[in-house]
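Here is what each chain is made of, one letter per residue.
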Amino acid sequence: KMEKTLMHRQMLIDTASALVADDKGLLAIDESITTCNKRFVALAIPQTEAARHDYRELIVTTSGLAESISGLILYDETIRQSSDDGTPFVKLIVEAGIIPGIKVDIGAKGMAGHPQEKITEGLDGLRERMAEYVQMGARFAKWRAVLTVADNLPSRGCIEANAHALARYAALCQEAGLVPIVEPEVIMAGEHSLDRCREVTEEVLHTVFNQLYRQGILLEGMILKPNMLLPGLACPQQAKLDDVADATVNCLLRAVPAAVPGIMFLSGGQAAGLASARLNAMNVRYKSQLPWALSFSFGRAIQQPALAAWLGKKDQVIAAQNILYHRAKCNRDARKGQFTD
Ligand code: 13P
């Protein structure tokens with residue numbers, strides 16, 4: 001078992017609590033270069049390092065963002081960048097009162113022997129990479145596993161391999177003093193029903209927490225970042241807000257230990273307003289009865305409307321920042337059960 005001094009444990013607990021405190025949540029801006037470029041192509045924004053820099057500068061200099069956002073998840077390219085006046089992004093983020101975090105997986109790759117499935121890579125050399133990120137000011141980290149739903153998927157082999165990798169990543173995080181954001185994402189693509197999503201998500205979460213236990217993870221010093229329970233995008237029967245809220249909370253109550261301080265959902269391609277409305281419905285119905293905070297760690301559901309307003313244009317920066325601020329606030333309101341849009 002890994003050695004954790006009392007002070008070290010307390011630091012992890014304090015960071016995890018700070019990430020969910022005060023009805024705030026996380027903003028994920030950790031798209032890899034490939035993924036960020038993909039979002040830019042769709043809006044005819046140049047796929048250059050300069051454009052990615054300008055976009056991330058727009059985000060980290062949005063005034064008042066810290067009113068709703070406790071932590072920002074960065075990517076390797078971004079954590080090394082500075083604003084046009086030479087101030088490192090990390091310094092701007094910390095001075096704004098936001099905790100910097102870093103995506104440390106290197107992506108979900110085709111899984112050998114499992115033609116339709118993915119395994120997330122990045123464990124080799126992770127201890128050394130994390131030491132550098134800690135030096136740069138990161139206080140938490142993220143690793144995303146991807147599980148695809150079909151009639152016979154995900155396979156046990158894929159679930160177990162991804163859960164094991166998540167647990168080894170989480171152990172390295174806690175050794176380094178970083179709070180692990182453990183993200184097993186059951187993706188929305190497919191024709192499956194809400195109940196099938198429930199079945200898969202429940203199995204995935206039980207497997208992940210079993211592996212986290214075996215690796216000696218301090219549950220009080222981690223955050224879970226799961227998918228909401230939703231029918232597949234191509235399922236003819238879509239679900240009402242309250243059905244999503246009930247299914248999601250019931251599944252989490254069965255699978256997530258009460259010692260975990262926070263559950264911070266990914267948005268996974270849901271429209272911004274819908275993601276907020278669903279988080280709101282969960283908090284309206286259940287907030288006062290739950291052992292953990294139900295919060296957000298959205299990427300697209302906060303960024304996309306702002307990106308579409310910016311379009312790479314200097315004279316649209318303020319307009320885009322106003323939209324980003326608004327989307328972030330919508331989700332803080334949703335944590336309080338007060339989201340109206
Ligand atoms: P989305 O909210 O766009 O799914 O992004 C969250 C994230 O960090 C995925 O790893």
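As annotated in an unreviewed UniProt entry, the protein chain is Fructose-bisphosphate aldolase from Methylotuvimicrobium alcaliphilum. Quoted verbatim from the Catalytic activity (unreviewed entry) field of the UniProt record, the comment on the protein chain reads "beta-D-fructose 1,6-bisphosphate = D-glyceraldehyde 3-phosphate + dihydroxyacetone phosphate".

1. Quick look at the environment of Arg168
Summarising the element assignment, Arg168 is placed in helix α7 (residues 156-176). The partly exposed category is assigned to Arg168, around which 15 C-beta atoms lie within 10 Å. Separated by 93 residues in sequence, Arg168 and Pro261 place their C-alpha atoms 20 Å apart. Aside from chain neighbours lying at most four places away, what touches Arg168 is Leu123 and Gln215.

2. Details of the site of the ligand
As a matter of local geometry, the ligand sits amid Ala28, Asp30, Arg144, Glu183, Leu266, Ser267, Gly268, Phe298, Gly299, Arg300 and Ala301. Grouping the amino acids of the shell around the ligand by side-chain chemistry returns four nonpolar, three polar and four charged.

3. Some thoughts on helix α12 (residues 317-335)
Look at α12: 27 Å from first C-alpha to last across 19 residues, which is about the 27 Å you get at 1.5 Å a residue. In this structure, the buried residues of α12 make contact with β1 (25-28), α3 (49-60), β2 (69-74), α10 (272-286), β10 (293-298) and α11 (300-310). Note on α12: the residue one or two positions beyond its end, Gly337, has a positive phi of about 70°.

4. Considerations on the packing of helix α8 (residues 194-214) against helix α9 (residues 241-255)
Where α8 contacts α9, the axes come no closer than 9 Å and their chain directions differ by 25°. Taken together, the axes of α8 and α9 are roughly parallel relative to one another. Considering only the axes of α8 and α9, their crossing is right-handed. Listed contacts from α9 to Leu194, Arg198, Thr201, Glu202, Leu205, His206 and Phe209 of α8 are Asp243, Ala247, Cys251, Arg254 and Ala255.

5. Side note on the confidence of the model for the protein chain
Summing up the model confidence of the protein chain, the mean pLDDT is 97 and the portion of residues at 70 or higher is 99%. Listed scores for the predicted complex are pTM 0.98 and ipTM 0.92.

6. Looking at the pairing of strand β3 (residues 99-103)
Burial within β3 is extensive, with five of its five residues counted as buried. The alternating pattern of β3 places Ile99, Gly101 and Lys103 and Pro100 and Ile102 on opposite faces, both of which are buried. Relative to β3, β2 runs parallel, the two sharing four bridges. Of the residues in β3, the one forming a bridge with Leu74 is Ile102. With three bridges connecting them, β3 and strand β6 (residues 140-147) associate as parallel partners. For Ile102, the partnering residue across the bridge sits in β6 and is Ala141.

7. A look at the environment of Arg9
By the element assignment, Arg9 lies in helix α1 (residues 6-20). We classify Arg9 as partly exposed; it has 14 C-beta atoms within 10 Å. Put simply, Arg9 and Ala258 are 249 residues apart on the chain and 18 Å apart in space, counted from C-alpha to C-alpha.

8. Some thoughts on α3
With 12 residues, α3 should reach 16 Å at 1.5 Å per residue; the first-to-last C-alpha distance of 16 Å fits that figure. Every buried residue belonging to α3 is among Arg52, Tyr55, Arg56, Glu57, Ile59 and Val60, and all of these are buried. Elements that come into contact with the buried residues of α3 comprise α2 (33-41), α4 (76-79), α5 (89-95), α11 and α12.

9. Re the pairing of strand β4 (residues 108-111)
Where β4 meets strand β5 (residues 114-120), four bridges bridge the pair, whose relative direction is antiparallel. Its bridge partner being in β5, Ala108 is matched across the sheet by Thr120. Linking β4 back to β5 in an antiparallel pair, the connection comprises two residues, with Gly113 at a positive phi of about 80°.

10. Quick look at unusual backbone geometry
Of the consecutive residues Leu153 and Pro154, the connecting peptide bond is found in the cis state with omega at 0°. On the secondary structure map, Pro154 appears in the loop between β6 and α7. A positive phi angle, near 60°, is found at Ala44, a position not held by glycine. Along the chain, the position of Ala44 falls in the loop between α2 and α3. The class of Ala44 is exposed, set by 8 C-beta atoms lying within 10 Å. In the Ramachandran plot, Leu311 falls in the positive-phi region, its phi being about 55° despite a non-glycine side chain. Among the structural elements, Leu311 can be located in the loop between α11 and α12. The class of Leu311 is exposed, set by 12 C-beta atoms lying within 10 Å.

Cut-off values and rules
Residues numbered from 1 in each chain as written. Predicted model: local features only at pLDDT ≥ 70, side-chain atom pairs only at ≥ 80, totals over all residues. UniProt positions renumbered as here; feature names shortened; annotations may be inferred. Helix = DSSP H or I, 4+ residues; strand = E, 2+ residues; numbered from the N terminus. Buried ≥ 20, exposed ≤ 12 C-beta atoms within 10 Å, placed from the backbone. Contact = placed C-beta atoms within 7 Å. Near = placed C-beta within 6 Å. Nonpolar A, V, L, I, M, F, W, Y, C, P; charged D, E, K, R; others polar. Expected span 1.5 Å × (residues − 1). Axes fitted to C-alpha atoms, helices over the stretch in contact; angles between N-to-C directions. Parallel < 35°, antiparallel > 145°, perpendicular 65-115°, else oblique. Left-handed = near helix turned anticlockwise from the far one by under 90°. pLDDT = per-residue confidence, 0-100. Pairing = 2+ DSSP bridges.

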